[in-house]
Amino acid sequence: MLPSLIRTMSTTNKMKAVYVNEQGDVDKLIYSDIPIPKVNENSVLVKNRFVGVNYIDTYQRDGTYPVSLPFTLGREGAGDVVEVGSNVKNVEVGDRVVYLGGSTYADYTNVPAEAVERLSEGVKYEDAAAIGIQALTAWTMVRDGYQVKKGDTILVHAAAGGVGLLLCQMIRHLGATVIGTVSTDEKATLARENGADHVIVYTRENVVERVNELTNNLGCHAVLDGVGKSTWDDSLACTRRLGTLISFGNASGVVPPIKIQCLTAKNLKLMRPQLFAYLATREESQKWWSEVFDLLAKKVIKLHIHKIYDLENAKQAHIDIQSRKTTGKLLIRLRS
Ligand SMILES: NC(=O)c1ccc[n+]([C@@H]2O[C@H](COP(=O)([O-])OP(=O)(O)OC[C@H]3O[C@@H](n4cnc5c(N)ncnc54)[C@H](OP(=O)(O)O)[C@@H]3O)[C@@H](O)[C@H]2O)c1
């Protein structure tokens, strides 16, 4: 397999990729040939097998987050190392790897060697691509953002989503009670199957009233909110005195500027994390990766792969993840 891959690269020097020349709606996504990137002395070239689709890809496509153009989408992938830079010591050609990086909606990605983790035998490429951003985000949040303890009650918005299902499983594992919010009964069932003790279907139930009923009017020790604009007020209301509100995403839009005094009445802590700041050093990165792979190996977490798309259908993946109809993880399979 590997020699033929290398031969393909050297004869064409081109690969398929999905990129944007300008930010905007899904029609701005272009599926076309671009040059295969070149490694530098400290990087490796990965032939991608599966890459993850994340909400951040839609923010980078639509202009919610700035990018320099042209911009190849994608922040995570799993595949085979096909070339290494002269200084690289931690991986070799032929290694199966997973990584977080840029420009992963492509046949090949140039990745800093220190961002690459070797896959243990038995870990499938699709599971590796599915576990990266979402599980690391969930686990850093419950172990560092707010250290979930036995007996806590934690509110998780979008509890049947990619990050949401993992949060439910992890929080249950840590001994706390999970209250999830979802939009449909089908999502409620899935959230329950994954560890949510109580689920609020917010399309027909009042979230604040239900949380008050469930917590004896005390509210939750922590509220984990990846929905953003539309849930901010409820999240603030549902966080108990001395509690922690973590706003980690913008699925419904960016939270508008807030007055810091909104935290005063209950002495709240507010956090707005981004995963990559948890992985700034090699040591930190290795620690968090090894912990999430350990959770997978011990079956503390189960991955839910919603759908696998071909690269040329990345547009449909973006439509789907923004449609609120998906649960769990969306992946792209690379074929060449
Ligand atoms: N800070 C970080 O480092 C980091 C890293 C990874 C992800 N995130 C964030 O985590 C959040 C979840 O990501 P994910 O990939 O797991 O996505 P997801 O939860 O699978 O999908 C988003 C969910 O949000 C809910 N939602 C509520 N209002 C919505 C609206 N107006 N439009 C779209 N969705 C809406 C929907 O669930 P219901 O139908 O149940 O309402 C939808 O399924 C995103 O905001 C993402 O940016 C942050």
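Residues numbered from 1 in each chain as written. Predicted model: local features only at pLDDT ≥ 70, side-chain atom pairs only at ≥ 80, totals over all residues. Heavy atoms only, no water.

### A look at the overall build of the chain
Piece 1. When you go through the chain residue by residue, the secondary structure sums to 9 helices and 16 strands.
Piece 2. A compact globule built from 336 residues would reach a C-alpha radius of gyration of about 20 Å, and the chain, at 20 Å, matches this within 12%.
Piece 3. Counting only C-alpha atoms, the chain reaches 65 × 40 × 35 Å along its principal axes.
Piece 4. In the chain, which comprises 336 residues, the proportion classed as buried is 53%.
Piece 5. Pairs at least 24 apart in sequence give 68% of the contacts found in the chain among residues at least 6 apart.
Piece 6. Working note: accessible area of the chain is about 15300 Å², and carbon and sulfur atoms make up 50% of it.
Piece 7. When the 40 basic and 37 acidic side-chain charges of the chain are each reduced to a single mean position, those positions are 2 Å apart. (Helix = DSSP H or I, 4+ residues; strand = E, 2+ residues; numbered from the N terminus. Rg over C-alpha atoms; globule rule 2.2 N^0.38 Å. Buried < 20%, exposed > 50% of the residue type's maximum accessible area, 1.4 Å probe, protein only. Contact = heavy atoms within 4.5 Å. Areas by Shrake-Rupley, 256 points an atom, 1.4 Å probe, with all protein chains shown as cover. Lys, Arg positive; Asp, Glu negative; His and termini not counted. Charge placed at Lys NZ, Arg CZ, Asp CG, Glu CD.)

### Focus on the domain arrangement of the chain
Piece 1. What the domain assignment lists for the chain is domain 1 (2-119 + 304-333) and domain 2 (134-274).
Piece 2. Placing the centre of domain 1 and that of domain 2 at their C-alpha centroids yields a distance of 30 Å.
Piece 3. Counting residues at the interface gives 13 residues for domain 1 and 16 residues for domain 2.
Piece 4. For the domain 1 and domain 2 pair, buried surface summed over both sides reaches about 1000 Å², with 48% attributable to carbon and sulfur atoms.
Piece 5. Of all residues in domain 1, His-304, Arg-324 and Thr-327 bury the most surface against domain 2, accounting for 40% of the area lost on that side.
Piece 6. The tally of links between domain 1 and domain 2 comes to 0 salt bridges.
Piece 7. Here domain 1 and domain 2 share 8 residue pairs in polar contact (both at pLDDT 80 or more) between them.
Piece 8. In terms of residue class, the side of domain 1 that touches domain 2 is built from 4 nonpolar, 6 polar and 3 charged. (Domains from an automatic or database assignment. Buried area = accessible area lost by both parts, 1.4 Å probe. Salt bridge = Lys/Arg side-chain N within 4 Å of Asp/Glu carboxyl O. Polar contact = N/O pair within 3.5 Å; in protein donor to acceptor, adjacent residues only side chain to side chain. Nonpolar A, V, L, I, M, F, W, Y, C, P; charged D, E, K, R; others polar.)

### Things to note about the side chain of Gln-134
Piece 1. Mapped onto the fold, Gln-134 is located in helix α3 (residues 125-145).
Piece 2. Accessibility expressed as a relative area gives 8% for Gln-134, which makes it buried.
Piece 3. Excluding residues that lie within four positions of it along the chain, Gln-134 makes contacts with Asn-54, Gly-162, Val-163, Leu-166 and Lys-329.

### Considering the site of the ligand
Piece 1. With respect to spatial proximity, 27 residues lie near the ligand, and among them Ser-183, Lys-187, Tyr-202, Gly-226 and Leu-275 are the closest.
Piece 2. A distance of 2.7 Å separates an oxygen atom of the ligand from a polar atom in the side chain of Tyr-59.
Piece 3. Gly-226 places a polar main-chain atom, nitrogen or oxygen, 2.6 Å from an oxygen atom of the ligand.
Piece 4. A total of 910 Å² of accessible area belongs to the ligand in isolation, and the protein chains cover 90% of it. (Near = heavy atom within 4 Å.)

### What about the sheet that holds strand β12 (residues 220-225)?
Piece 1. Spatially, the 6 strands line up as an open sheet ordered β11-β10-β9-β12-β13-β14, and their pairing is parallel. Lying at the two open borders of the sheet, with one neighbouring strand each, are β11 (198-201) and β14 (269-271). Neighbouring strand axes in the sheet, compared pairwise and without regard to direction, differ in orientation by 15° on average.
Piece 2. Two elements, strand β9 (residues 153-156) and β12, share 3 bridges in a ladder whose sense is parallel. Residue pairing in the sheet places Leu-155 in a bridge with Val-223 of β12.
Piece 3. Running over the sheet, α3 touches β12, β13 (239-247) and β14 and is turned about 150° from β13. (Pairing = 2+ DSSP bridges. Axes fitted to C-alpha atoms, helices over the stretch in contact; angles between N-to-C directions.)

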